[in-house]
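Residue-level listing of the chains:
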There are 2 protein chains.
Amino acid sequence: MAELLTDPDDEVLDQDRIDAVLQAVEAEDRAGLDALLEPLHAADIADLLEQIGGADRRALLRLWSHEIDGDILSEISDAIREEVIESLPPGVLAEAVRDLETDDVVDILEDLDAPQQGLILDALTDADRVAVEQAMAYPEYSAGRLMQRETVVAPEHWTVGETIDFLRKSEHLPDQFYHVILVDPRMQPVGYATLGRILSSGREMPLRDIIEDSFRTIEATDPEADVAYIFNQYHLISCPVVDAGGRLVGVITIDDAMNVLDEEHQEDMLRLAGVGDESSIADRVLETARQRLPWLFVNLMTAILASMVIAQFEAEIAQLVALAVLMPIVASMGGNAGTQSLTVAVRALATRDLTAANMGRVIWREGAVGLINGLFFAVVMGIVGWVWFGDQALGLVIAAAMVVNLVVAGLAGILVPVMMERAGVDPALASGTFVTTVTDVVGFFVFLGLAAVVLL
Amino acid sequence: MAELLTDPDDEVLDQDRIDAVLQAVEAEDRAGLDALLEPLHAADIADLLEQIGGADRRALLRLWSHEIDGDILSEISDAIREEVIESLPPGVLAEAVRDLETDDVVDILEDLDAPQQGLILDALTDADRVAVEQAMAYPEYSAGRLMQRETVVAPEHWTVGETIDFLRKSEHLPDQFYHVILVDPRMQPVGYATLGRILSSGREMPLRDIIEDSFRTIEATDPEADVAYIFNQYHLISCPVVDAGGRLVGVITIDDAMNVLDEEHQEDMLRLAGVGDESSIADRVLETARQRLPWLFVNLMTAILASMVIAQFEAEIAQLVALAVLMPIVASMGGNAGTQSLTVAVRALATRDLTAANMGRVIWREGAVGLINGLFFAVVMGIVGWVWFGDQALGLVIAAAMVVNLVVAGLAGILVPVMMERAGVDPALASGTFVTTVTDVVGFFVFLGLAAVVLL
């Protein structure tokens, strides 16, 4: 029965295959291209399209666009999706989008411009178009956009046997489903049974006797971040989505939730680093430069602010140049300690581990950690400053500044993201800049100010 | 049928419930505590234990430790798990771990000290202990540690009817399963069928006619990062795990893979920020300070290195103090641009979007982005420097330093993590420090060096 087992060597996207694909494209060898690409998973073909250069991609699409299907379109990165869609003959595009579940069509539509959205909506059957338009009526990044509308439901009084008979007669079951949702006569979900329990129970077993203990629903207008949270927190595999009246309108499965979790993480990471949200390695140079510029600009403003603090002490620096040599150390240590504290706080806010219940203790803890490490590095830098410049008082000044700045860094690292969250702003968004501004300004001011008072 | 629907208000862990729990603990009201905690999901009880203070937690455990079950143990953060396990009477601990699937026991064992591992192993039945010890024989962070050993298999020649009859007769099916795995006589998996397809097909349908198109297996010794990747890339729900001989030894389900993905993300984020891996908001002050100290120490070394560059130009700074005022701006802009480029690169390496196929183009792109933004900020800072200090040449010097440092930042941001990956080191681990060291050193050197040549 070896024919059932797919040869794993046939499925891998490695450098050899990429090279072979590029050769086939150059030779305009359509059959060779088919043989190389056909065994690949749609996600790998999408990766291939993203990783090759623009000219190669256009040449590949000219030869092979008739083979692009819905799965490839749905896997492809936003950065090149418009380009791929424009390259498709209308018939191919129509067939591709008709293959897809409506939630995948919605996912594709969200990031397209209006003319391309029109192209895709026109390609759908009337029923699908209505379903997609209804989904697009939910707010962006809501559960309603994520859900698939095809659900598998059973009246709450059914038995396992009735359910299996019904499923065997159904013609349009979703591609993936893991539960049968029990609904009351008003279509309100009241519980669900896993397919595993249904399959392993006798035909006479009432469904309601094998429903899961833990049952949750999501409202269609809930933000998708909440969806990712409840799947992760409660280990859900699928979750019914209800409207404001509690009626079942769709279902979200764990693969969509995993996708959202992945995107939320990426967003947090990129936002913490001051990179635009939509950034991808496949973006073009100008687009990338444009995305990153605003954050650099904000950083420039804060760097100038820190420089204005330094400028207040020009006379002192002219008198004792060692101050200019040592001051970046105080600022840099504060910036690093602040980033540590900030990252832990942003992560804990995202996973909802930082709440009103432990806020006070966590703030105290960050201050205490700053104090302990501040004292340690005060000793180290006190000695370094003293030995390097042969000036004991200079060592004392940098030691004191180190303690103050590391405590401030710890507190700023937790207080800034918490205040941003309270204000309804994503704490990952600009916390980094605020925190390092605080540590730069405090670091320079305390070090230079103490030096002015003590040394000069 | 309202009794089927769990009242959502009963299930939420909010501040009111936490306050009520703390009051019940203080009043030693065991019945009240039961009423408050019993409706909560194990994950929420674990969160509660993490979020309350140490004294409250110990008091709660004294009153309520007999109710701690396996699910709560498995949800609880590593930071407090040892404390909770120590508080449990041996009988409670034994019952709790016997409830769990072996993969969850392994997950708990991994982070415990030897005496506590012994406690738990002793509490298991002989069969489970053997299974757990076999799993622990796989390398840490491998698929073998993650998998559950209970699988649902069928010979490849079975029909849907035979499969359903077999499942109905089975006494020990796993809690969660989504596929029936088809195996050949040597127990090598040859495909799998979703429960949905099985349920919706007639009894006479051969299983092999309804297996999924796309079928992958994982080797038990594969690293768990690969597991997270293939679930995310190919949208798997479960995946058979095989030994070196290709025989089925277990199965990994998507909830475990989602957990790994979540942990990998957290690790990347914390490592990029120079925070120890195991960091959690529930760690104690001294533990946290100890985790963060080594990274701050590395940062101190690099900051001192940058200061030594500045020290080479003491004479120039004494002559023109404006240099001391402006030099942190050049370093700060380079550090930020480098972090942007680095974060995108680390993320792309983790998602395997950055490969040999596009490496050259991405390096070029980062250099070009650095050049474009460098030119923009050169103009801005050139004007600022000129106006602020009334010195046109000073403006030119800072402009030139800005261009150089932003190009270097872009290139360092991509080259450093790529080289670390090539060297087999996690690129998130120390890239940040290396990149900012490069941008600090280059920033100070180029700016002060140019100033020395041009201005003085």
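Predicted model only: the values in this text are computed from it and were never measured.

Digging into the overall build of chain A
Then, in step 1: Along the backbone of chain A there are 21 helices and six strands.
Then, in step 2: The C-alpha atoms of chain A give a radius of gyration of 29 Å, which is well past the 23 Å a tight globule of 456 residues would have.
Then, in step 3: Summarising its shape, the C-alpha atoms of chain A cover approximately 90 × 65 × 45 Å along the three principal directions.
Then, in step 4: In chain A, which comprises 456 residues, the share counted as buried stands at 56%.
Then, in step 5: Here chain A displays about 18,300 Å² of accessible surface, and carbon together with sulfur accounts for 55% of that area.
Then, in step 6: For chain A, the centre of its 27 positive side-chain charges and the centre of its 74 negative side-chain charges are spaced 6 Å apart.

Notes on the relation of the copies chain B and chain A
Then, in step 1: The operation relating chain B to chain A is a screw motion whose rotation component is 180°, with 0.0 Å of axial translation and a residual RMSD of 0.1 Å. Expressed as an axis order, the relation between the two copies is that of a two-fold axis. Scanning chain B for the C-alpha nearest the rotation axis identifies B:A318, at a separation of 2.5 Å.

A look at the side chain of A:S341
Then, in step 1: Structurally, A:S341 can be placed in helix α18 (residues 322-350).
Then, in step 2: Ignoring any residue separated from it by four or fewer positions in sequence, one finds A:S341 in contact with A:E366, A:A409, A:G410, A:G413, A:I414 and B:R292.

Details of the interface of chain B and chain A
Then, in step 1: Contacts between the two partners involve 131 residues from chain B and, on the opposite side, 130 residues from chain A.
Then, in step 2: For the chain B and chain A pair, buried surface summed over both sides reaches about 11,700 Å², with 65% attributable to carbon and sulfur atoms.
Then, in step 3: One can count four salt bridges joining chain B with chain A.
Then, in step 4: The closest approach of N and O atoms between B:R292 and A:E366, which form a salt bridge, is 2.8 Å.
Then, in step 5: At the boundary of chain B with chain A, the tally comes to 44 residue pairs in polar contact (both at pLDDT 80 or more).

Brief notes about the UniProt feature "domain: CBS" (unreviewed entry) in chain A
Then, in step 1: Those residues carrying the UniProt feature "domain: CBS" (unreviewed entry) are residues 210-267 of chain A in this numbering.
Then, in step 2: What you have in residues 210-267 of chain A is 43% helix and 22% strand, and the ends, taken at the C-alpha atoms, are 39 Å apart.

Focus on the domain arrangement of chain A
Then, in step 1: Each assigned domain of chain A is listed with its residue range as follows: domain 1 (2-137), domain 2 (153-251) and domain 3 (285-454).
Then, in step 2: Computed over C-alpha atoms, the centres of domain 1 of chain A and domain 3 of chain A are 47 Å apart.

Remarks on the UniProt feature "transmembrane region" (unreviewed entry) in chain A
All names here are of chain A.
Then, in step 1: In this numbering, the UniProt entry assigns the feature "transmembrane region" (unreviewed entry) to residues 293-311, 317-337, 368-389, 395-416 and 428-455.
Then, in step 2: With 100% helix and 0% strand, residues 293-311 has its two end C-alpha atoms placed 26 Å apart.
Then, in step 3: Regarding residues 395-416, the helix share stands at 100% and the strand share at 0%, and the terminal C-alpha atoms are separated by 31 Å.

Some words on the packing of helix α16 (residues 285-311) of chain B against helix α21 (residues 427-454) of chain B
Residue and element names in this part refer to chain B.
Then, in step 1: Two elements in contact, α16 and α21, have axes separated by 9 Å at closest approach and are oriented at 15°. When the interaxial angle is binned, α16 and α21 end up roughly parallel. As for how α16 packs across α21, the hand of that crossing is right-handed. Counting all contacts with α16, which are made through W295, V298, N299, T302, L305, A306, V309 and I310, the residues of α21 involved are L429, A430, T433, T437, D440, V441, F444, F445 and L448.
Then, in step 2: When the residues that make up the contact of α16 with α21 are grouped by side-chain class, the tally is 12 nonpolar, four polar and one charged.

Some details on the nonpolar core
In globular proteins that are soluble, nonpolar side chains generally tend to be buried together.
Then, in step 1: In terms of nonpolar packing, the biggest core is built from 83 residues, with A:I317, A:F447, B:I317 and B:F447 touching the most fellow members.
Then, in step 2: The residues touching A:I317, leaving out its near neighbours within four places in the chain, are A:I310, A:L323, A:A324, A:M327, A:L448, B:I317, B:V321 and B:A324.
Then, in step 3: Within the second largest apolar cluster, 60 residues are counted, among which are A:V227, A:A228, A:V251 and B:V183.

Some thoughts on the side chain of B:T288
Then, in step 1: On the secondary structure map, B:T288 appears in helix α16.
Then, in step 2: Judged by relative accessible area, which is 1%, B:T288 ranks as buried.
Then, in step 3: Among the polar contacts listed, one links the side chain of B:T288 to the side chain of A:R365, at a separation of 2.8 Å.

Let's talk about a negative patch on the surface
All names here are of chain A.
Then, in step 1: Together, D71, E95, D99 and D175 give the surface a local cluster of negative charge.
Then, in step 2: As for its position among the elements, E95 is in helix α7 (residues 90-99).
Then, in step 3: By relative accessible area, which is 59% here, E95 ends up exposed.

Considerations on the packing of helix α9 (residues 114-123) of chain B against helix α10 (residues 126-136) of chain B
When two helices pack together, their arrangement is captured by the angle between the axes and the distance separating the axes.
Residues and elements named next belong to chain B.
Then, in step 1: Where α9 contacts α10, the two axes come as close as 9 Å, and the packing angle between them is 140°. The angle between α9 and α10 places the two elements in the oblique class. Residues Q117, L121 and D122 of α9 form the contact with α10, whose participating residues are R129, V132, E133 and M136.
Then, in step 2: A class-by-class count of the residues in the contact of α9 with α10 yields three nonpolar, one polar and three charged.

Side note on a nonpolar patch on the surface
Then, in step 1: Together, A:V379, A:I383, A:W386 and A:V387 give the surface a local cluster of nonpolar side chains, amounting to about 410 Å² of exposed area.
Then, in step 2: Within the secondary structure, A:V379 sits in helix α19 (residues 359-389).

A word on the pairing of strand β2 (residues 179-183) of chain A
Residue and element names in this part refer to chain A.
Then, in step 1: Of all five residues that make up β2, five are buried, and the element is covered over most of its length.
Then, in step 2: Side chains of β2 alternate between two faces, with H179, I181 and V183 and V180 and L182 buried alike.
Then, in step 3: Taking the sense of rotation as the criterion, the β-α-β connection linking strand β1 (residues 153-155), helix α12 (residues 160-169) and β2 turns out right-handed.

A few points about α7(A)
Then, in step 1: Turning to α7(A), its buried residues number three or more, namely A:V92, A:L93, A:A94, A:A96 and A:V97.
Then, in step 2: Packing partners of the buried residues in α7(A) comprise α5 (70-75), α6 (78-87), α8 (102-110) and α9 (114-123) of chain A.

So, helix α16 (residues 285-311) of chain A
Then, in step 1: With 27 residues, α16(A) ought to run about 39 Å at 1.5 Å a step, and its terminal C-alpha atoms sit 36 Å apart, in line with that.
Then, in step 2: The largest bend in α16(A) amounts to roughly 35° and is located at A:L293, with the proline A:P294 lying one to four residues further along.

Let's talk about the pattern of salt bridges
All names here are of chain A.
Then, in step 1: Taken as a whole and judged by the stated rule, the model has 30 salt bridges over all chains.
Then, in step 2: D226 is paired through a salt bridge with R352; the nearest N and O atoms lie 2.7 Å apart. In this pair, D226 is assigned in helix α14 (residues 224-234) and R352 in the loop between α18 and α19, connecting sequence segments 126 residues apart.
Then, in step 3: For D226, a relative accessible area of 26% corresponds to the partly exposed category.
Then, in step 4: Judged by its relative accessible area of 32%, R352 is partly exposed.
Then, in step 5: Between R247 and D243 there is a salt bridge, with its nearest N and O atoms 3.5 Å apart.

Looking at the sheet that holds strand β3 (residues 189-194) of chain B
Residue and element names in this part refer to chain B.
Then, in step 1: Across the sheet, which stays open at both edges, the three strands sit in the order β1-β2-β3 with mixed pairing between neighbours. On the outer flanks of this sheet lie β1 (153-155) and β3, each paired with one strand and no other. Along the sheet, successive strands turn relative to each other by an average axial angle of 35°, direction set aside.
Then, in step 2: Pairing of strand β2 (residues 179-183) with β3, which is carried by five bridges, proceeds in the antiparallel orientation. What sits directly across from H179, in β3, is T194.

Some thoughts on unusual backbone geometry
Then, in step 1: Its identity as a non-glycine residue notwithstanding, A:E28 has a phi of 50°, on the positive side.
Then, in step 2: Mapped onto the fold, A:E28 is located in the loop between α1 (15-26) and α2 (30-37).
Then, in step 3: Note on A:E28: relative accessible area 61%, which makes it exposed.
Then, in step 4: Positive phi is not limited to glycine here, since B:R352 has a value of about 60°.

A closer look at the sheet that holds strand β4 (residues 218-219) of chain A
Each strand in a sheet pairs with its neighbour through backbone hydrogen bonds, running either in the same direction (parallel) or in the opposite one (antiparallel).
Residue and element names in this part refer to chain A.
Then, in step 1: Strand order in this open sheet of three strands is β4-β5-β6, and the pairing throughout is mixed. Here the strands that pair on one side only, and so sit at the sheet edges, are β4 and β6 (248-253).
Then, in step 2: Here strand β5 (residues 238-242) pairs with β6 via five bridges, running antiparallel. For V242, the partnering residue across the bridge sits in β6 and is L248.

Thresholds applied
- Residues numbered from 1 in each chain as written.
- Chains lettered and ligands numbered in written order.
- Predicted model: local features only at pLDDT ≥ 70, side-chain atom pairs only at ≥ 80, totals over all residues.
- Heavy atoms only, no water.
- Helix = DSSP H or I, 4+ residues; strand = E, 2+ residues; numbered from the N terminus.
- Rg over C-alpha atoms; globule rule 2.2 N^0.38 Å.
- Buried < 20%, exposed > 50% of the residue type's maximum accessible area, 1.4 Å probe, protein only.
- Areas by Shrake-Rupley, 256 points an atom, 1.4 Å probe, with all protein chains shown as cover.
- Lys, Arg positive; Asp, Glu negative; His and termini not counted.
- Charge placed at Lys NZ, Arg CZ, Asp CG, Glu CD.
- Least-squares fit on C-alpha atoms with pLDDT ≥ 70 in both.
- Contact = heavy atoms within 4.5 Å.
- Buried area = accessible area lost by both parts, 1.4 Å probe.
- Salt bridge = Lys/Arg side-chain N within 4 Å of Asp/Glu carboxyl O.
- Polar contact = N/O pair within 3.5 Å; in protein donor to acceptor, adjacent residues only side chain to side chain.
- UniProt positions renumbered as here; feature names shortened; annotations may be inferred.
- Domains from an automatic or database assignment.
- Axes fitted to C-alpha atoms, helices over the stretch in contact; angles between N-to-C directions.
- Parallel < 35°, antiparallel > 145°, perpendicular 65-115°, else oblique.
- Left-handed = near helix turned anticlockwise from the far one by under 90°.
- Nonpolar A, V, L, I, M, F, W, Y, C, P; charged D, E, K, R; others polar.
- Core = buried A, V, L, I, M, F, W, Y, C linked by side-chain atoms within 4.5 Å.
- Patch = residues over 30% accessible without salt bridge, like charges linked within 9 Å, V, L, I, M, F, W, Y side chains within 5 Å.
- Right-handed = clockwise from strand over helix to strand, strands pointing away.
- Expected span 1.5 Å × (residues − 1).
- Bend = angle between axes of the 7 residues up to and from the residue.
- Pairing = 2+ DSSP bridges.

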